[in-house]
Amino acid sequence: MQAGTAKAAQRIGVPREVFPGEKRVATVPEVVEKLIKLGFQVVVESGAGEAANFSDDAYRAAGAEVVNGAAALWAASDIVFKVRAPGKDELALMREGTTLIGFIWPAQNPELMQQLAAKKATVLAMDALPRTLSRAQKMDALTSTAGVSGYRAVIEAANAFGRFFNGQITAAGKVPPAKVFIAGAGVAGLAAIGTAANLGAIVRANDTRAEVADQVVSLGGEFVKVDYEEEGSGGGGYAKVMSEGFQAAQREMYAKQAREVDIIITTALIPGKPAPKLITADMVKSMKPGSVIVDMAAEQGGNCELTEPGQAVVKHGVTIIGYTDLPSRLSKQSSTLYATNLLRLTEELCKAKDGVANVNMDDDAIRGLTVVKNGEITWPAPPLKPAAAPAPKPAAAPVAEKKGGHGHGSSGPLPAKTLAIIFAVAALAFWFIGAYAPAAFLGHFTVFVLACFIGYMVVWNVTPALHTPLMSVTNAISSIIAIGALVQIAPPEAGLAGRPDALIRWLAFAGIVLTAVNMFGGFAVTRRMLAMFRK
């Protein structure tokens, strides 16, 4: 897979997903065009996008070749984009040396990893991306998928619930708002919080990571804290397994919420482990008839003891939804987001835009994704190196005290004696000007001195980071000097001798034009700067 100077462009294959109920497709027509611009050829199996409302004709129009049958697709592909991990039939069709990109879940599928290694494949698992790398966020398919799942979970709950989400007062009576409790405030949980709050429900949420409380509140929810102090952040941006004491306090809190709320949505998952059981059968019994539970962890065993994966069942008067295909229920949106994540990854693999992917194991993001390289299992990736701590700033050298109190280079405030001398000299100069200068000049000079003082205090005593927006405003305000020019250019009042000299009048006119530009430009610049901070 190392790019060579004479290598032909590689072919990216997109097969039809064969996992039962899977409606997503690994790439979409608008992304096909961008893959071709990177130099790749794209081959799509006929019907691959039908379930997500992408026709074969749309792929052809985007520049892809459409082939009939999975065998032809796998035989023609150097790189294969998939959503789900390949099944046995697909593994049989895979050529040796193929590069496979998709959700693999290596911890849960050790046998699959051995089979892929036997094929001398190079495998990039989208679920293994180091999510703590900021530059990897554009490739984070788990986040994209979780956001769709959280949204869809609320829609499924609303469909199964027997009332409005928002409270209403009608001629037929008063309808109270639904109360929704969301267990887990990760990406999926936050998406569910925002959706339920937008529908008008009273939303409560809990998470083992206390730092997400502000995010819950910002989306319109109320963070419910467990009465037990323990840090819940784990590695890689996930939660960790909590102590038994915390879990007991958490169960007590969940039991209380179950008795009060109408809908519970659970999202708790820890990578590589079965889903923790948060909602017991007794909690389900305590819920009001007609209540709903949406268990988003159903595929990993479920957070509710009574969940049946893939099914929606009614037990003790409560509807328990354990669908494992929530992203597929929004297949077009999910496919588009996932295809974009794969495109960003492909851009990283093919920076030369020559249609040849280079799996660079020196790149932290690519190394984390790569679970098999040329038939060698490379998972798990080594821990990321911690970012280098910034070099400590050198201690400031103590400022030597100057003899006499006012030597050159002193950066501190001036001594009182020096200030007194400066003010005495300034007062003497001002008296001299007042005694011998014309009366009109004295008034203008006083305004000039005050303007300089005020300008200094307003602008230069402000934090340097604020100088640009502040100075654009002060420039506009300082354009009041246009009044002076207007006085010079205006006709003389009755009783005054003659008009101003022609040169002065033209200078005054130029001053008015320049200050007008300064005035309107200052406010325009300020407006554009403030617009950058508005949503």
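For the structure itself, look to the data block above.
Residues numbered from 1 in each chain as written. Predicted model: local features only at pLDDT ≥ 70, side-chain atom pairs only at ≥ 80, totals over all residues. Heavy atoms only, no water.

Draft legend 1. Focus on the packing of aromatic side chains. Under the definition given, this model contains five aromatic pairs. Between Phe103 and Trp105, the aromatic rings sit 6.2 Å apart at their centres with planes inclined by 10 degrees, giving stacked as the arrangement. The class of Phe103 is buried, set by a relative accessible area of 8%. Ring centres 6.2 Å apart and planes at 80 degrees place the aromatic pair Phe161 and Phe165 in the edge-to-face group. For the pair shown, Phe161 and Phe165 are each scored as buried. (Phe/Tyr/Trp six-rings, centres within 6.5 Å; stacked < 30°, edge-to-face > 60°. Buried < 20%, exposed > 50% of the residue type's maximum accessible area, 1.4 Å probe, protein only.)

Draft legend 2. Spatial organisation of the sheet that holds strand E15 (residues 318–321). Taken in spatial order, the seven strands line up as E11-E10-E9-E12-E13-E15-E14 in an open sheet, and their pairing is mixed. Lying at the two open borders of the sheet, with one neighbouring strand each, are strand E11 (222–223) and strand E14 (312–315). For strand E13 (residues 292–295) and E15, the ladder comprises three bridges, and the chain directions are parallel. Paired with Val292 across the strands is Thr319, a residue of E15. Against the sheet, helix H6 (residues 141–160) contacts strand E12 (263–266), E13 and E15, and its axis sits at roughly 155 degrees relative to E13. (Pairing = 2+ DSSP bridges. Helix = DSSP H or I, 4+ residues; strand = E, 2+ residues; numbered from the N terminus. Contact = heavy atoms within 4.5 Å. Axes fitted to C-alpha atoms, helices over the stretch in contact; angles between N-to-C directions.)

Draft legend 3. Quick peek at helix H1 (residues 29–37). Taken residue by residue, H1 has Pro29, Val31, Val32 and Leu35 as its buried positions. Buried residues in H1, looked at end-on, bunch into an arc of 150 degrees, giving them a common side. Packed against the buried residues of H1 are strand E1 (11–14), strand E2 (41–45), helix H2 (56–62), strand E4 (79–81) and helix H11 (331–349). Following H1 by one or two positions, Gly39 has its phi on the positive side, about 105 degrees. (Arc of directions from axis to C-beta.)

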